[in-house]
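# Summary of the model geometry
Spelled out from the first residue to the last, the chains are:
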Amino acid sequence: MAHSVLVVDDEPSMSFVLEHLMKAQGYHVMTAPDGSSALSSTQEHHPDLVLLDLSQDDRSAYETCQTIRATAQTSDTKIIMISARSREIEIEKGLALGADTYLTKPFALEAVVKAVDALLTEPGSKNTHDMAFG
């Protein structure tokens, strides 16, 4: 059975790219345009991994990440935080609040695939950040 990935991004073009990238890798993919929709989707579908863009219209992605981690049914869901914010303090905050990996934009699509594959297939892989330019 294919792993499931939830793409959370308020930018339709980025959501489209990530959705199709993950489908091309054989993952079952869902999308959500904001944090509230993401939380509803994680509760209903229990994705294996969330690609969580830091910029959201309705709530902080940090809050979304924390809520996923604090909920018993989703606490083991892998989370990759994605953002153009590349300051070390923002990366550290994302990882401290529960993200397994933090990718900074712009990124190479291969870096996203590599990070997703590592988290879903390599036990214990977490708490890294990758500044991949593409």
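The following paragraphs examine the structure supplied in this document. (Residues numbered from 1 in each chain as written. Predicted model: local features only at pLDDT ≥ 70, side-chain atom pairs only at ≥ 80, totals over all residues. Heavy atoms only, no water.)

## As for the overall build of the chain
In terms of helices and strands, the chain carries five helices and six strands. Mapped from its N terminus to its C terminus, the chain presents α and β elements in the order β-α-β-α-β-α-β-α-β-α-β. A compact globule built from 134 residues would reach a C-alpha radius of gyration of about 14 Å, and the chain, at 13 Å, matches this within 12%. With the C-alpha coordinates of the chain rotated into their principal frame, the extents come out at 35 × 30 × 30 Å. Considering the chain as a whole, with its 134 residues, one finds that 49% of them fall into the buried category. In the chain, the share of contacts with a sequence separation of at least 24, taken over all contacts with a separation of at least 6, comes to 62%. For the chain, the accessible area works out to roughly 6500 Å², and carbon and sulfur atoms hold 52% of it. The average position of the 10 basic charges and that of the 20 acidic charges among the side chains of the chain differ by 4 Å. (Helix = DSSP H or I, 4+ residues; strand = E, 2+ residues; numbered from the N terminus. Rg over C-alpha atoms; globule rule 2.2 N^0.38 Å. Buried < 20%, exposed > 50% of the residue type's maximum accessible area, 1.4 Å probe, protein only. Contact = heavy atoms within 4.5 Å. Areas by Shrake-Rupley, 256 points an atom, 1.4 Å probe, with all protein chains shown as cover. Lys, Arg positive; Asp, Glu negative; His and termini not counted. Charge placed at Lys NZ, Arg CZ, Asp CG, Glu CD.)

## Some details on the nonpolar core
Across soluble globular proteins, nonpolar side chains have a tendency to be buried as a group. One finds Val 5, Met 22, Leu 49, Leu 51, Ile 80, Val 112 and Val 116 to be the most contacted residues of the largest nonpolar core, which totals 20 residues. When contributions to this core are tallied by element, the ones reaching two or more residues are strand E1 (4-8), helix H1 (12-24), strand E3 (49-53), strand E4 (78-83) and helix H5 (109-121). The element best represented in this core is H5, accounting for six residues. Filtering out sequence-adjacent residues up to four positions away, Val 112 remains in contact with Leu 18, Leu 21, Met 22, Leu 51, Leu 103 and Phe 107. Counting residues in each nonpolar core, the second largest holds 19 residues, with Val 8, Leu 52, Ala 99 and Tyr 102 among its members. (Core = buried A, V, L, I, M, F, W, Y, C linked by side-chain atoms within 4.5 Å.)

## A short note on the pattern of salt bridges
The tally for this structure, following the rule as stated, stands at five salt bridges. Two residues, Lys 105 and Asp 9, come together in a salt bridge whose shortest N-O distance is 3.9 Å. Residue Lys 105 is found in the loop between strand E5 (101-104) and H5, and its partner Asp 9 is found in the loop between E1 and H1; the two are separated by 96 residues along the sequence. On the basis of relative accessible area, Asp 9 is assigned to the buried category, the value being 5%. Residues Lys 23 and Glu 19 are paired through a salt bridge, measuring 3.0 Å at the closest nitrogen-oxygen approach. Note that Lys 23 and Glu 19 are positioned in helix H1 at a spacing of four residues, about one turn of the helix. Exposure remark for Glu 19: the relative accessible area of 18% places this residue in the buried category. Residues participating in the shared-partner salt-bridge network are Asp 9, Asp 53 and Lys 105. (Salt bridge = Lys/Arg side-chain N within 4 Å of Asp/Glu carboxyl O.)

## Concerning the environment of Ser 37
Relative to the elements of secondary structure, Ser 37 occurs in helix H2 (residues 35-45). With 29 residues separating them in the primary sequence, Ser 37 and Val 8 have C-alpha atoms 8.5 Å apart.

## Here we look at the packing of H2 against helix H3 (residues 61-70)
Two elements in contact, H2 and H3, have axes whose closest approach is 10 Å; the angle formed by their N-to-C orientations is 15°. What the angle tells us is that H2 and H3 run roughly parallel. In the packing of H2 onto H3, the handedness of the crossing is right-handed. Two secondary-structure elements touch here, H2 through Gly 35, Ala 38, Leu 39 and Thr 42 and H3 through Thr 64, Thr 67 and Ile 68. Here the contact of H2 with H3 is built from residues that sort into three nonpolar, four polar and no charged. (Axes fitted to C-alpha atoms, helices over the stretch in contact; angles between N-to-C directions. Parallel < 35°, antiparallel > 145°, perpendicular 65-115°, else oblique. Left-handed = near helix turned anticlockwise from the far one by under 90°. Nonpolar A, V, L, I, M, F, W, Y, C, P; charged D, E, K, R; others polar.)

Don't take any of this as a statement about function, it's just geometry.
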